[in-house]
Amino acid sequence: MRGLPGARRHHPFRARRRPQPSRDPAGRQLRPAVHLGRPARHGHLLVPLPPLALPVRRVQTDVQPRIGSVNEKTKPTKKKPAAGPKPASAPPEGKKKALDPKQIVHAQFLAAAAPGSSLPAPTMAEIAFAGRSNVGKSSLINTLVERKGLVRTGATPGVTRQINLFEARARDGAMFHLIDLPGYGYAKRSKAERTAWGDLIEGYLKGRITLAALVILVDVRRGLEEDDLELIQFVEEARDVQRRPVEIVIVATKVDKIGRSASRSATAAMAKSTGRKVINFSSVTGEGRAELWALLRKVTLGTPEATSIPKNAEPEPS
Ligand SMILES: Nc1nc2c(ncn2[C@@H]2O[C@H](COP(=O)(O)OP(=O)(O)OP(=O)(O)O)[C@@H](O)[C@H]2O)c(=O)[nH]1
Ligand SMILES: [Mg+2]
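How each quantity is defined
- Residues numbered from 1 in each chain as written.
- Chains lettered and ligands numbered in written order.
- Predicted model: local features only at pLDDT ≥ 70, side-chain atom pairs only at ≥ 80, totals over all residues.
- Heavy atoms only, no water.
- Near = heavy atom within 4 Å.
- Polar contact = N/O pair within 3.5 Å; in protein donor to acceptor, adjacent residues only side chain to side chain.
- Areas by Shrake-Rupley, 256 points an atom, 1.4 Å probe, with all protein chains shown as cover.
- 1 Å grid on protein atoms, 1.4 Å probe; cavity = no way out; pocket = protein on both sides within 12 Å on 5 of 7 lines; lining within 4 Å.
- Sits in = over half its atoms within 2 Å of the grid points.
- Nonpolar A, V, L, I, M, F, W, Y, C, P; charged D, E, K, R; others polar.
- Donors = N, O, S within 2.8 Å, 3.2 Å for Na, K, Ca; no water.
- Helix = DSSP H or I, 4+ residues; strand = E, 2+ residues; numbered from the N terminus.
- Buried < 20%, exposed > 50% of the residue type's maximum accessible area, 1.4 Å probe, protein only.
- Core = buried A, V, L, I, M, F, W, Y, C linked by side-chain atoms within 4.5 Å.
- Contact = heavy atoms within 4.5 Å.
- Salt bridge = Lys/Arg side-chain N within 4 Å of Asp/Glu carboxyl O.
- Points joined across faces, edges and corners; volume = space filled by probe spheres on them.
- Pairing = 2+ DSSP bridges.
- Axes fitted to C-alpha atoms, helices over the stretch in contact; angles between N-to-C directions.

Draft legend 1. A look at the site of ligand 1. Taken together, the neighbourhood of ligand 1 is formed by 22 residues, with Lys 137, Ser 139, Gly 158, Asp 256 and Ser 283 sitting nearest. Taking Gly 183, its main chain carries an N or O atom lying 3.5 Å from an oxygen atom of ligand 1. Relative to its unbound accessible surface of 660 Å², ligand 1 loses 86% to contact with the protein. According to the grid-proximity analysis, the pocket containing ligand 1 is the second largest pocket. For the shell around ligand 1, the residue count by class is 5 nonpolar, 12 polar and 5 charged.

See the structure below:
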């Protein structure tokens, strides 16, 4: 039949409809075989589609123009960063961080104890932070949990005036209790106040069942002082023998305030006098954060009893 009224006539420039693809017995899509260099044979052979594997080409953007090929009147323009996706070997920083199983994903204040009151009964592994007033204990906790304002900090000594208990949960589900202790060595307190706080801190360090690690912070510029050495000795000797042993971790703080070589020799001296490893730390730059957190996790989660209360646990001294 030819020339029905209104019927479109074939136009030589209109693309012909391609043959409909069909599928192989496994359900994969088929398309006509591609012949390179040779003319296609009459009647196409149907083959499965190969996976798309194109070689990735990077465009070189920093090629220097050849001498004489630039118009000298043209002002040099700022070089723009190369467009396009980043190479697969450098995933975006945020993505890497989001997948870190050790990252703290939840942190909150739980309770406080002042002289005359006590903390709630212990329920999980605890890490306590001690040191002179203003050494940077509260700032270090904020840095560890990556929260700016979880713990109150201040430029003048004596900011933390009670034992503060915080709860932290890592992405992998590990839970910790972090204990911010009031600082010692602050001369402006009355003798009675110092005695009361001393008793409170001593009672905590001596008898807390779940205390797994005590981080002692020392200002890298001052080095270990008598108070710090006394505290180390106190924990080593006075810890109730029925309680679990406490791992003492020494941290040199504010290392951003002095040069690298000065901080290295200061921490080497501290390590020598205590026979312990000393971690360099800065809440300003974040130096030492990952190392300290990895160590504290290992100490608190390393043994099965670290996250549970022993069956023969006694009630807390108040
Ligand atoms: N440059 C520098 N400053 C720090 C660092 N850590 C803390 N600070 C500052 O030192 C001051 C005291 O910090 P805090 O974290 O409140 O110290 P603290 O030991 O909790 O003090 P108390 O609660 O009074 O015992 C604040 O002004 C902080 O900003 C650090 O690593 N580098
Ligand atoms: Mg504080």
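We are not done yet, so read on.
Draft legend 2. Broad picture of the coordination of the magnesium ion (ligand 2). Here the magnesium ion (ligand 2) is held by Ser 138 (OG) and Thr 160 (OG1), and the distances to it run 2.0 to 2.2 Å. On the criterion of sequence distance, the pair formed by Ser 138 in helix 2 (residues 137-145) and Thr 160 in the loop between helix 2 and strand 5 (163-170) is long-range, its members being 22 residues apart. Accessibility assignment for this pair places Ser 138 and Thr 160 in one class, buried.

Draft legend 3. Quick look at the nonpolar core. Counting residues in each nonpolar core, the largest one holds 30 residues, and the members touching the most others are Ile 163, Leu 181, Tyr 204, Leu 205, Leu 214, Ile 216 and Leu 231. Breaking this core down by element, the ones donating at least two residues are strand 3 (104-113), strand 4 (126-131), strand 5, helix 3 (191-207), strand 7 (211-219), helix 4 (226-238) and strand 8 (247-253). Each residue touching Ile 163, except ones within four places of it in the same chain, is listed here: Ala 111, Ala 112, Ala 113, Leu 119, Ile 179, Asp 180, Leu 181, Pro 182, Leu 200 and Tyr 204. Ile 104, Ile 141, Ala 168 and Leu 178 belong to the second-largest nonpolar core, a separate cluster that totals 27 residues.

Draft legend 4. Summary view of helix 2. Buried residues dominate helix 2, accounting for 8 of its 9 residues. Looking at the residues trailing helix 2, positive phi occurs at Glu 146, about 60°.

Draft legend 5. Expanded view of the pattern of salt bridges. Here the structure, examined in full by the defined rule, presents 11 salt bridges. As a salt-bridge pair, Arg 132 and Asp 227 come within 3.1 Å of each other at their nearest N and O atoms. In this pair, Arg 132 sits in the loop between strand 4 and helix 2 while Asp 227 sits in helix 4, placing the two residues 95 residues apart along the sequence. Residue classification places Arg 132 among the buried positions, given a relative accessible area of 17%. Here Glu 236 and Arg 276 are joined by a salt bridge, their closest N and O atoms 2.3 Å apart. Remark: Arg 276 occurs in the loop between helix 5 (260-274) and strand 9 (278-280) and Glu 236 occurs in helix 4; sequence separation between them is 40 residues.

Draft legend 6. Geometry of the layout of surface pockets. In this structure, the largest pocket occupies an estimated 510 Å³ of space. Tyr 184, Gly 185, Gly 198, Glu 202 and Asp 227 are the residues nearest the centre of the largest pocket, which is lined by 18 residues in total. Sorting the residues of the lining of the largest pocket by element identifies helix 3 and helix 4 as the ones contributing at least two each. Residue contributions to the lining of the largest pocket peak at 8 residues, all from helix 3. Class assignment for the residues of the lining of the largest pocket results in 8 nonpolar, 4 polar and 6 charged. Lining the second largest pocket are 25 residues; nearest its centre among them are Asn 134, Val 135, Gly 136, Ser 139 and Lys 254.

Draft legend 7. Focus on the environment of Lys 102. Mapped onto the elements, Lys 102 comes out in the loop between helix 1 (93-98) and strand 3. Lys 102 sits 188 residues away from Ala 290 along the chain, and the two C-alpha atoms are 9.4 Å apart. Once you skip the residues sitting within four places of it in the chain, Lys 102 turns out to touch Ala 170, Trp 293 and Arg 297.

Draft legend 8. Fine view of the pairing of strand 5. Where burial is concerned, most of strand 5 is hidden: 7 out of the 8 residues are buried. The pairing of strand 3 with strand 5 spans 8 bridges and is antiparallel. Counted as the bridge partner of Gln 108 is Glu 167 from strand 5. Across 6 bridges, strand 5 lies against strand 6 (residues 175-180) in antiparallel orientation. Residue pairing in the sheet places Glu 167 in a bridge with His 177 of strand 6.

Draft legend 9. Region of the structure containing the sheet that holds strand 4. The strand order 3-5-6-4-7-8-9 describes an open sheet built from 7 strands, whose pairing is mixed. The two strands at the open ends of the sheet, each matched to only one other strand, are strand 3 and strand 9. Going across the sheet, the axis of each strand differs from the next one's by a mean of 25°, ignoring polarity. Here strand 7 runs beside strand 8; their pairing, made up of 7 bridges, is parallel. When the bridges of strand 8 are listed, Val 218 appears paired with Ala 252.

Draft legend 10. The environment of Ala 130, seen in detail. Within the secondary structure layout, Ala 130 lies in strand 4. Under the relative-accessibility criterion, Ala 130 is labelled buried at 3%. Separated by 98 residues in the primary sequence, Ala 130 and Asp 228 place their C-alpha atoms 9.0 Å from one another. Apart from the residues lying within four places of it in its own chain, the contact partners of Ala 130 are Lys 137, Leu 181, Leu 214, Val 215, Ile 216, Leu 217 and Leu 231.

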